[in-house]
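These are the residues of each chain, in order.
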Amino acid sequence: MSSPTGRSLVRSLAPLALLSLLTAAPALADTKSCVAAHASAQRETKAGHLTEAAKLYTSCGSDLSCPEQLRSECAELLDKLRATVPSIILSAKDENGADVTAVKVYSGETRISDGLDGRALELDPGKYHLRFVLPSGLELTSDVLVREGEKNRLVEVKAPEKAK
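Described below are features of the structure shown in this document. (Residues numbered from 1 in each chain as written. Predicted model: local features only at pLDDT ≥ 70, side-chain atom pairs only at ≥ 80, totals over all residues. Heavy atoms only, no water.)

Regarding unusual backbone geometry
Step number 1: A positive phi angle is found at Asn152, which is not glycine, with a value near 55°.
Step number 2: Mapped onto the secondary structure, Asn152 falls in the loop between strand S6 (139-146) and strand S7 (153-158).
Step number 3: According to the relative accessible area criterion, Asn152 is partly exposed, its value standing at 46%. (Helix = DSSP H or I, 4+ residues; strand = E, 2+ residues; numbered from the N terminus. Buried < 20%, exposed > 50% of the residue type's maximum accessible area, 1.4 Å probe, protein only.)

As structure tokens, then:
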């Protein structure tokens, strides 16, 4: 038979054993989610969805619960990917040739910018039909082919000059 001291030792260790089981399960789940993010990022890259792949590599590369080797690989792949993600700089000019900043820009029905600030916007490679809606309600369009690896390409639209 066990002694009273032995039983109290078992009772005091039981919560620790349960705690270690509970903390091991999230670690396993975190590893699975890291592996899933890494695999998804690779699929998104192959499909040309570079901005989504960058988000996934960022998540697994910065998540401290991911295994170090996987974090390192995600960070390395993110660095390589960043070189290929294209970016454009949107610009709109009014009929006098002045910059307009309060412009909403759409690609299809998706709004990609609420205003122009001169900063580059990262997009996936591909064809875009961009619609610029000026504060006056005037809509200007531009068809653009955004190429992989192309950085800071200026996409500018100009309102027609007023008749004199």
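Having seen the structure, we can now continue with the description.
Considerations on the state of the cysteines
Step number 1: Per the stated rule, a full pass over the model turns up 2 disulfides.
Step number 2: Residue Cys34 pairs covalently with Cys66 via a disulfide, S to S 1.6 Å. Its S-S torsion of about -85° marks the bond between Cys34 and Cys66 as left-handed, since a negative value means left-handed. You can see Cys34 sitting in helix H1 (residues 4-46) and its partner Cys66 sitting in the loop between helix H2 (50-62) and helix H3 (68-82), a full 32 residues away along the chain.
Step number 3: Under the relative-accessibility criterion, Cys66 is labelled buried at 3%. (Disulfide = S-S within 2.5 Å.)

Focus on the nonpolar core
Step number 1: With 18 residues, the main nonpolar core has Ile88, Leu90, Ala92, Val103, Leu130, Phe132 and Val155 as its most contacted residues.
Step number 2: Taken together, the elements giving at least two residues each to this core come down to strand S1 (87-93), strand S5 (126-133), S6 and S7.
Step number 3: Counting residues in hydrophobic clusters, the runner-up holds 15 residues, among them Ala37, Leu50, Tyr57 and Leu81. (Core = buried A, V, L, I, M, F, W, Y, C linked by side-chain atoms within 4.5 Å.)

Some words on the environment of Ile112
Step number 1: Among the structural elements, Ile112 can be located in strand S3 (residues 110-113).
Step number 2: Along the backbone, Ile112 and Arg131 are 19 residues apart, and their C-alpha atoms lie at a distance of 9.9 Å.
Step number 3: The contact partners of Ile112, leaving out residues within four places of it in the chain, are Leu90, Val105, Tyr106, Ser107, Leu121 and Leu130. (Contact = heavy atoms within 4.5 Å.)

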